[in-house]
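Observations on chain architecture
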Amino acid sequence: MIRKFVFGTPINTDATVLHIPAEDPQDIGEVILSGDGSELSCKLEEQDIVYGLGEQVRGINKRGWSYASNCADDPLHTEGKHSLYGAHNFLIIDGRRCFGLFIDAPGKVCFDIGYTEHEKMLITIPEPDYVLYYIAGASVTEIVREFRKLTGRSYIPPKWAFGFGQSRWSYMNEEEIRELVREYRDNGIPLDSIYLDIDYMDHYKDFTVNEEAFPDFPGFIKEMQNERIHLVPIIDAGVKQEAGYSVYEEGTAENCFCKDSDGKDFVAAVWPGKALFPDVLNPKVRVWFGNHYKELIDAGIEGFWNDMNEPAIFYSEKRLRKVFGQIEAYKGKNLDIKSFFEFKDLVGSLDNNPEDYASFYHDMDGKKVRHDRVHNLFGFNMTRAAGEAFDRLAPGKRILMFSRSSYIGMHRYGGIWTGDNRAWWSHLELSIKQMPSLNMCGFLFCGSDIGGFGDDTTPDLMMRWLEFGIFTPLMRSHSAQGTRLQELTRFGNFTQDYARIVSLRYMLMPYIYSEYMKAALKDAMYIRPLSFEYPRDERARTVEDQLLVGESIMIAPVYQQNALGRYVYLPEKMKLYRFRSECDYDIEVLQAGDHYVKADLCEVLLFVRPDKLVILSRGAKSVSQINTNQLYLMDYSENGAKYDWYDDDGVSKTYALPQNWHTVCLDEKGTVSIGNYEGMVNRI
Ligand code: MIG
């Protein structure tokens, strides 16, 4: 049951898709309200778990820290931070009572979850114009389902996007990419996509291509498609200010950019130098900006990633002038301790400055709205502009889209990646914990930069990260300019081991795809914490480093350097498959309880739950080459089991076709049958 309460005069965020009549905010269950609605609080009992907040720092249980929804371009994701790139104001409090809260507020929202006082959660909405949804339900799973009905069906990418993607900032030209593909193919590493970072553009101008590096872009896209490789270009939020550049000229002529307080175009520097921000909160501008993706789609592109859409600002013209002015005062001065730090901070205050976010405006239904009041909607609406355009330009065809910044509701238009992590073991752990929180909020298609984006990775970190990455819907290795090269062929004799691990992803693809699609079509979660499945198991409720992937698999990734195994808690007996490759694995049946499980560096731990089935392929070097006429079954069943297997053509949107659904039956005698399927299936 969902209850809705309105405070002040909220801006319509389009986060939700259901119409629910608003109630008078007198009695909101357990939630205590302060006068104007700027504070919501509730008592936390010792056993309460607080789930949610999507892309954030720290654990699955959010208790014990303070978080702020304030989309931020901050590449240092340490425990002490309060905000990352997304704003996902959805929480579930689960203890003796269980309820969900969604604060649909487009500006800053602060969540003090047992930080100031261990037994109290305090949510502060500094500008209390918002809608509060209170979701009651018998279980966390039910509350998630209700929330997802409220906010709409999750985005579904094309099937090839579940293949392995290789990225780097930046592959500079055709030849470099050809060479990369050759190396992957020669070494038998499966690959479906290569990402183009900002240098594919002409001087970082959106929707242009550097013609020296890519003299025949459509021809090159085609050549890659023939190799079964999809090129996925980046699109940045800032549009370069340059006379004669058509996107800039059109945008200014048609008033498509955000304005400053004088009504002039707001100018700030990002990658292209001085740039303007398309006012994507205005539907007219969304159509205009979205239509530009057509130029790349017409050239043959089938997927994009949207970046810098918090939006990130290196500096604004005004701030730069101000800082230069203030710097003058320090010239020739003997810097003492105080003035030294002031001086140093002055230059550091140039980028992503809150004053800049409070100095430009959007046009929403003819009203001027200051950016900071709707800050968290920018990335959402940039991605929505693209998603709405894809529906117009290529209706019926799925196009890959994921974004860096996001807000609840964006999950209808695209996935997300978790931005600029580092090549740190703690960030592998963080990404394990972020996935279920993101899934709750509807962001099913997500993943982190495998190997780590910033800093230098190591061969073993890469290996362990891949071993987790084979289970995340978006499986992409990405790294920053200037860091150690981290393509899978760069680490000598590890190449073949990486190839074997990535191949496991393709072996698991029928199951992964089926589970993803079921989660999307049924408003469920693809990756879940153990506690969602075993809510009455006190131990399972505290486990944060094991996850359920779909209905049949539990994973326990190794995320510590030099560990050759780990402790695993089993809420029920399970069958452990220790995979070294598709055809090299051992099996062990483990009883419920605690176990120390060995996992050599090149071994993946995969647990199959009792009476559940996992449907596999033989693997392949690309998604389109997976042979679904020859399937395998992994199971742990004594009395037979059933599984609903979903599969489709991977590109069209005809999800409801009856032929996409198959019932897999394993009877007591061990005989397998699959309804409405002609191929072969073998139990392994
Ligand atoms: O300020 O395009 O998160 O994935 O490689 C850096 C360059 C801009 C940030 C993205 C990252 C990307 C990088 N971008």
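Residues numbered from 1 in each chain as written. Predicted model: local features only at pLDDT ≥ 70, side-chain atom pairs only at ≥ 80, totals over all residues. Heavy atoms only, no water.

What to know about the domain arrangement of the chain
Operational definition: Just so you know, the domain bounds were taken from an automatic or database domain assignment. Any pair of residues with heavy atoms lying within 4.5 Å of one another is described as a contacting pair. For any pair of parts, buried area is found by adding up, for both, the accessible area (1.4 Å probe) each one loses once the two are put together. The term salt bridge refers to a side-chain nitrogen of Lys or Arg lying within 4 Å of a carboxyl oxygen of Asp or Glu. Here a polar contact is recorded for every N or O atom pair within 3.5 Å, except that within protein the pair must consist of a potential hydrogen donor and a potential acceptor, and residues adjacent in sequence are included only if both atoms are side-chain atoms. Elements are defined by DSSP. Helices are runs of H or I of four residues or more, strands are runs of E of two residues or more, and each kind is numbered from the N terminus. Lys, Arg, Asp and Glu make up the charged group, whereas Ala, Val, Leu, Ile, Met, Phe, Trp, Tyr, Cys and Pro make up the nonpolar group; the residues left over, Gly among them, are polar.
Each assigned domain of the chain is listed here: domain 1 (2–151) and domain 2 (161–237 + 281–314 + 368–507). Taken together, the contacts link 44 residues of domain 1 with 40 residues of domain 2. Roughly 3,200 Å² of surface becomes buried between domain 1 and domain 2 when both sides are summed, with 56% attributable to carbon and sulfur atoms. Between E127 and R373 there is a salt bridge, with its nearest N and O atoms 2.8 Å apart. Our enumeration of links across domain 1 and domain 2 arrives at 24 residue pairs in polar contact (both at pLDDT 80 or more). Every element with two or more residues in the side of domain 1 that touches domain 2 is listed here: β5 (49–52), β7 (86–87), β8 (90–94), β9 (98–104) and α1 (140–151). Here the residues of the side of domain 1 that touches domain 2 sort into 21 nonpolar, 15 polar and eight charged.

A look at a nonpolar patch on the surface
Counted only if it meets this: The residues that make up patches have over 30% relative accessible area and no salt bridge, and they are joined within 9 Å when like-charged or within 5 Å when they are Val, Leu, Ile, Met, Phe, Trp or Tyr. Values of accessible area rely on a 1.4 Å probe in the Shrake-Rupley scheme; residue burial ignores everything except the protein chains shown. The rule is simple: take the accessible area with a 1.4 Å probe, protein chains only, and divide by the maximum for that residue type; under 20% is buried, over 50% is exposed, in between is partly exposed.
Residues L335, I337, F340 and F341 make up a contiguous nonpolar surface patch of roughly 380 Å² in combined accessible area. Mapped onto the elements, F340 comes out in helix α8 (residues 337–348). Residue F340 is classed as partly exposed on the basis of its relative accessible area, which comes to 35%.

Quick look at the pattern of salt bridges
Throughout the structure, instances matching the rule amount to 57 salt bridges. As a salt-bridge pair, K259 and D265 come within 2.7 Å of each other at their nearest N and O atoms. D265 sits in the partly exposed class, given a relative accessible area of 22%. If you follow the salt bridges from partner to partner, you end up with E174, E175, R178, E179, R182 and E223 in one network.

Topic: the packing of helix α12 (residues 459–469) against helix α13 (residues 495–521)
Filter applied, for reference: To define axes, lines are fitted to C-alpha atoms, for helices over the stretch in contact only, and angles between the resulting N-to-C directions are given on a 0 to 180 degree scale. An angle below 35 degrees is read as roughly parallel, one above 145 as roughly antiparallel, one from 65 to 115 as roughly perpendicular, and any other as oblique. For any pair of crossing helices, the crossing counts as left-handed if the nearer helix is rotated counterclockwise from the farther one by less than a right angle, and right-handed if it is rotated clockwise.
Contact pair α12 / α13: the axes reach a minimum separation of 9 Å and the direction vectors enclose 10°. Taken together, α12 and α13 sit at an angle that is classed as roughly parallel. In terms of crossing hand, the pair formed by α12 and α13 is left-handed. Only D497, Y498, I501, V502 and R505 of α13 make contact with α12, whose side of the interface consists of P459, M462, M463, L466, E467 and G469. Of the residues belonging to the contact of α12 with α13, the class tally is seven nonpolar, one polar and three charged.

A short note on the site of the ligand
The line we're drawing: Residue proximity to a molecule or strand is established when one non-hydrogen atom of the residue lies within 4 Å of it.
Residues in contact with the ligand amount to 13 residues; listed here are only the nearest, D197, D307, R404, D420 and H478. Take R404: an N or O atom from its side chain is 3.0 Å from an oxygen atom of the ligand. Side-chain polar atom of H478 to an oxygen atom of the ligand: 2.9 Å apart, as the coordinates give it. Burial of the ligand by the protein chains amounts to 95% of its free accessible area of 350 Å². Residues that form the shell around the ligand fall into these classes: eight nonpolar, one polar and four charged.

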